[in-house]
Amino acid sequence: MTEAILLVGGKGTRLRPLTVNTPKPMVPAAGVPFLTHQLARARAAGVEHIVLATSYLAEVFEPYFGDGSALGLHLEYVTEEEPLGTGGAIRNVASRLRSGPDEPVLIFNGDILTGLDIRALVATHASSGADVSLHLTRVADPRAYGLVPTDDTGRVTAFLEKPQTPEEIVTDQINAGAYVFRRSVIDSVPTGRPVSVERETFPELLAAGAHLQGMVDSTYWLDLGTPQAFVRGSADLVLGRAPSPAIPGRCGDSLVLPTAEVAPDAKLTGGTVIGAGARIGSGARVIGSTVLSGAVIEPGATVTDSLIGERAHIGARTLLTDTVIGDDAKVGADNELIAGARIWCNTKVPPATVRFSSDQ
Ligand code: GDD
Ligand code: MG
């Protein structure tokens, strides 16, 4: 039986303070809490037992996913009193694992949307005999990630988390946030204190001569760490670019959840999701955006590449491009917000207050 640990703690895990009480893994992407996609993909790859390592706003996970049986999984939850870091979180759930010392345990960062062939990673781990195997992907700008150079057999030669200087950027291969650990390696991580698997465990293992194997897989991959990335990921799920068995409907230009009301002449494109109970007015255009449940978009508004929070209200003819509108916020009619603007939850932008285009 294959089992996995899913890391869903850490501080930056909600679209703070926009979706007020929802940690990021629970914000809906393509209509279901983002975590559902990761859980369903793991299940489809043969994983049966998953331990969620949580810290921040942990209490929201269990009421929603329960014992996991709805997804065909057995789920367990472990909550850290203080965030233990990635390595500490992994070590902290070791007692819940059932694998023997030499057996493989999958570990996933909880904010990654990917088409990774999970079975292939496990197979690579088995055939290489590695202590740890890592999914690697290539990105144009690796500075926000862990750099992982490998030799020509794929064996990892170094691990450089968030390189600071140009000299440190020795490769475009980065840690994609999915690993297979030999169970005994998990047990060797120190207990009772924060540990970073990226800054401490991997460099120490390499220094001690352990075998870390990289598997470059250039399938769809996105870290949903920013609101922009989150909106992109949700749209890519709807468009079918990012594969997931958990999408509640057919892939296509848009996904409209039951009880949403969309005016017949409104246009929904680019992977837009309209949440339950949301209302889209006549002539409105919503492009590549996620509209959460209960939000209202008035007639003639145009919303592009944006996240509209629960029960938020977007006034008539307002133009939003690359914005995040917090839960219960109200943007009045005839505004223009662009370029990463974030409107805090429960706040109001009066009608005709902000414009970017030239005055008529
Ligand atoms: N339980 C728990 N406790 N989980 C944690 C903690 C913690 O203290 N700290 C972080 N996590 C979880 C986060 O929720 C996330 O799912 C995952 O661990 C990675 O943490 P991030 O904070 O998202 O790290 P990052 O995106 O800056 O970098 C990581 O991911 C990159 C790929 O997206 C690193 O693993 C990089 O090496 C990697 O390239
Ligand atoms: Mg991340």
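Summarised in this report is the structure supplied together with it. (Residues numbered from 1 in each chain as written. Chains lettered and ligands numbered in written order. Predicted model: local features only at pLDDT ≥ 70, side-chain atom pairs only at ≥ 80, totals over all residues. Heavy atoms only, no water.)

**Notes on the sheet that holds strand β16 (residues 267-269)**
- Spatially, β16-β19-β22-β25-β28 is the arrangement adopted by the five strands of the open sheet, whose pairing is parallel. On the outer flanks of this sheet lie β16 and β28 (336-337), each paired with one strand and no other.
- Taken together, the three bridges between strand β19 (residues 285-287) and strand β22 (residues 302-304) define a ladder with parallel strand orientation. In the strand pairing of β22, Ile287 is matched with Thr304. (Pairing = 2+ DSSP bridges. Helix = DSSP H or I, 4+ residues; strand = E, 2+ residues; numbered from the N terminus.)

**Remarks on empty space enclosed by the protein**
- Under the counting rule described, the total for this entry stands at one cavity of 30 Å³ or more.
- Roughly 150 Å³ of volume is contained in the largest cavity.
- Around the largest cavity sit 14 residues that line it, and Gln38, Arg41, Phe108, Ile112 and Thr114 are the ones nearest its centre.
- Mapped onto the lining of the largest cavity, the elements with two or more residues apiece are α1 (34-44), β6 (104-109), β7 (112-114) and β11 (173-182).
- Element by element, the count of residues in the lining of the largest cavity is highest for α1, at four residues. (1 Å grid on protein atoms, 1.4 Å probe; cavity = no way out; pocket = protein on both sides within 12 Å on 5 of 7 lines; lining within 4 Å. Points joined across faces, edges and corners; volume = space filled by probe spheres on them.)

**Regarding the sheet that holds strand β26 (residues 324-325)**
- Spatially, six strands are ordered β14-β17-β20-β23-β26-β29 in an open sheet, and the strand pairing comes out parallel. Of all strands in the sheet, those bounded by a partner on one side alone are β14 (254-256) and β29 (342-343).
- In the packing of helix α7 (residues 227-239) onto the sheet, contacts are made with β14, β17 (272-274), β20 (290-291), β23 (307-308) and β26, and the angle to β17 comes to roughly 90°. (Contact = heavy atoms within 4.5 Å. Axes fitted to C-alpha atoms, helices over the stretch in contact; angles between N-to-C directions.)

**Thoughts on the packing of aromatic side chains**
- Tallied over the full model, the rule gives six aromatic pairs.
- Aromatic pair Tyr64 and Phe65: ring centres 4.8 Å apart, planes at 80°, arrangement edge-to-face.
- For Phe65, a relative accessible area of 8% puts it in the buried group.
- Ring geometry for Tyr179 versus Phe181: centroids 5.9 Å apart, planes at 70°, classification edge-to-face.
- By relative accessible area, which is 0% here, Phe181 ends up buried.
- Aromatic ring contacts, followed pair by pair, group Phe159, Tyr179, Phe181 and Phe202 into a single cluster. (Phe/Tyr/Trp six-rings, centres within 6.5 Å; stacked < 30°, edge-to-face > 60°. Buried < 20%, exposed > 50% of the residue type's maximum accessible area, 1.4 Å probe, protein only.)

**Here we look at the site of ligand 1**
- Around ligand 1 sit 27 residues, and of these Gly9, Glu161, Asn175, Glu198 and Asp223 come closest.
- One of the backbone N or O atoms of Gly110 is found 2.7 Å from an oxygen atom in ligand 1.
- In this structure, an oxygen atom belonging to ligand 1 sits 2.6 Å away from a main-chain N or O atom of Asn175.
- If you list the elements that add at least two residues to the shell around ligand 1, you get β4 (47-54), α3 (85-92), β11 and β13 (221-223).
- Considering every element that reaches the shell around ligand 1, the biggest residue donor is α3, with three residues. (Near = heavy atom within 4 Å. Polar contact = N/O pair within 3.5 Å; in protein donor to acceptor, adjacent residues only side chain to side chain.)

None of this, on its own, says anything about what the molecule does.
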